[in-house]
Structures are given as C-alpha cells and as structure tokens.
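If you want the building blocks of each chain, they are given just below.
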Amino acid sequence: HAVIELQHLTKRYGGTLAVDDLSFNVEPGHVTGFLGPNGAGKSTTMRLILGLDTPTSGQALINGHRYTSLRKPMREVGALLDAGAVHGGRSAYNHLLALARTNDIGPRRVAEVLEEVGLAGVARKRLSGFSLGMKQRLGIAAALLGDPGVLMFDEPVNGLDPDGVRWIRDLMRSLAAEGRTILLSSHLMSEMALTAERIVIIGRGRLITEATVADLTSRY
Ligand code: ADP
Ligand code: ADP
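In short, a report on the structure.

Reading the values: the criteria
Residues numbered from 1 in each chain as written. Chains lettered and ligands numbered in written order. Predicted model: local features only at pLDDT ≥ 70, side-chain atom pairs only at ≥ 80, totals over all residues. Heavy atoms only, no water. Axes fitted to C-alpha atoms, helices over the stretch in contact; angles between N-to-C directions. Helix = DSSP H or I, 4+ residues; strand = E, 2+ residues; numbered from the N terminus. Parallel < 35°, antiparallel > 145°, perpendicular 65-115°, else oblique. Left-handed = near helix turned anticlockwise from the far one by under 90°. Contact = heavy atoms within 4.5 Å. Nonpolar A, V, L, I, M, F, W, Y, C, P; charged D, E, K, R; others polar. Buried < 20%, exposed > 50% of the residue type's maximum accessible area, 1.4 Å probe, protein only. Pairing = 2+ DSSP bridges. Right-handed = clockwise from strand over helix to strand, strands pointing away.

Turning our eyes to something else, we now look at the packing of helix 2 (residues 92-102) against helix 3 (residues 107-116). For any two helices packed against each other, the geometry comes down to the angle between their axes and how far apart the axes lie. Where helix 2 meets helix 3, the axes come as close as 9 Å, and the angle between the chain directions of the two elements is 130°. One way to sum up the angle between helix 2 and helix 3 is to call them oblique. Classified by chirality, the crossing of helix 3 by helix 2 is right-handed. Here Ala 92, Tyr 93, Leu 96, Leu 97 and Ala 100 of helix 2 lie close against helix 3, whose contacting residues are Pro 107, Val 110, Val 113 and Leu 114. Each residue belonging to the contact of helix 2 with helix 3 can be placed in one class, and the counts come to nine nonpolar, no polar and no charged.

This paragraph deals with the pairing of strand 8 (residues 181-186). Among the six residues that make up strand 8, six are buried, leaving the element largely enclosed by the rest of the structure. Of the strand pairs in this sheet, strand 3 (residues 31-35) and strand 8 are connected by five bridges, and their pairing is parallel. What sits directly across from Gly 33, in strand 8, is Leu 184. Handedness of the β-α-β unit built from strand 7 (residues 150-154), helix 5 (residues 162-177) and strand 8 comes out right-handed.

With that out of the way, let us pick up the packing of helix 2 against helix 4 (residues 132-144). In contact at an axis separation of 10 Å, helix 2 and helix 4 are set at 25° when each is read in the N-to-C sense. Taken together, helix 2 and helix 4 sit at an angle that is classed as roughly parallel. The handedness of the crossing between helix 2 and helix 4 is right-handed. Packed against helix 2, whose contacting residues are Ala 92, His 95, Leu 96 and Leu 99, the element helix 4 presents Leu 138, Ala 141 and Ala 142 at the interface. The class makeup of the residues in the contact of helix 2 with helix 4 is six nonpolar, one polar and no charged.

Here you go:
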C-alpha cells in the first residue's frame, strides 16, 4: 500500500489556492518525481505532508497516518526543505545535535550523517560561513538523521555546482536502492528523467498528470 497518500489536499493562502484538490499516491521503494513550474505548489504540498502547515481541507497521510508538528517525525520521514534558510553562529555539528536531541536520536548518528554528506571536515565551522552547496548537504544530513524510510527533497540540486548535482543524483539512487521511498521535487523535466521512475506533474496547485518516466519520454 502507498507510503504517502494525498486525499483532496487543499491549501488556501488568502486569495491564492496554493494546493488545489490534489490527490496522488507515492508507492514504496521508488523515486517519485514531483514536477511543476515555480509557484506550482510543490513546497506547500511537502510542508503539508510533514505537518509543518495545516491543510484548508483534505489530508496527507504517511504510512496511513496524519502528521502533526506534535509528533517527532524524523525517524519516519526526513525532508530537505529550503536548505538556504539555515543561518547563524552555530556549528553544523551543534545544529544537527539540537535536531537529534529533540527527536531522541543519539550523537553518534550526528557524526555518521556528517561523514555521509561529506561535511565531517567542517563540522565545527559556523553555518554563517557555509555556501549554499554546503547548506544543501547539511539539509540532507538533517533529513537522514533519523534513518527514515521516507524522504522528501525539495529542489535539492538548485544552486549546486556540477559535482554537487552528480553527488545528489547518486545519493538519490543509492537511497532508493536501499528500499527508501523518495519524493523529489524539481521544475526541470531533464533532472527528473535522470533519477525518478514515476513523475507526478502539477500546475497551479492541481494535478496535471501522473506517469512513469518511460511513458512520458515515449509520449513527448
Ligand atoms: P513551488 O514550491 O512549486 O514553487 P509553492 O508551494 O512555494 O510553490 O507556492 C505555491 C503558491 O502558494 C505560490 O503562489 C506562492 O506564492 C503561494 N504561497 C506559498 N506559501 C505561502 C505563504 N506562506 N503565504 C502566502 N502565499 C504562499
Ligand atoms: P525549531 O522550531 O525548534 O527550530 P524546527 O522547526 O527546525 O525546530 O523543527 C521542528 C521539528 O520538525 C523537529 O524537531 C523535527 O521533529 C521536525 N523536523 C525539522 N526538520 C526536519 C527534517 N529535515 N525532516 C524531518 N523532520 C524535521
């Protein structure tokens, strides 16, 4: 049965329908691409799935239950959202340690994920000196912290150099090969075609189509 289920998910901000009656499922153990132009509602949908925002109507379920900010979700779902937003004088290590503590995750795991994303050498450096690429890696470390079976990455290759882009692609593939379920957003079809098996396309908050990559490339 589906890992992520959206049922008539709707989010209105004032006069804007950011997410408009969106229903689709994300199947286990695949990379599902979530494609749409800027402003289509991808980030809002991910925030709603994580319980960081409340739907106006409808619901999003992970493994059959609804998320709220009251739960400690990092063991079940990890997400990279707006990686550029982290800032301040804390070190990368302390940033992850604080997240680990509130989610009952031990400090040894912090060192592991820093190693995994290639930030072990700068773990004690302040976030204020981090480039966007380093912040993306840190956001991925945060997503992996709880060793979750479900991962969501919002535009993970944005702002990365070619090496960083290749690294992210390889990471997505290896996480999927481990049996994890991944929802990966992008506004670039070319990016999706390289990593995703299935694609959900949205525009103005609404579902446009759902198909396998093989299907889409033979159609267009
Ligand atoms: P995407 O991630 O696909 O670029 P978003 O989910 O960020 O799209 O945005 C979808 C729409 O909702 C846009 O029109 C955006 O301006 C609007 N929106 C998103 N968040 C807010 C918010 N907190 N307040 C008001 N409008 C918002
Ligand atoms: P705070 O508001 O304390 O600075 P955050 O808003 O960063 O903390 O996170 C609040 C909670 O949301 C975290 O304790 C965690 O359970 C969840 N959370 C934060 N980041 C992630 C993430 N990348 N993946 C999954 N859950 C997260």
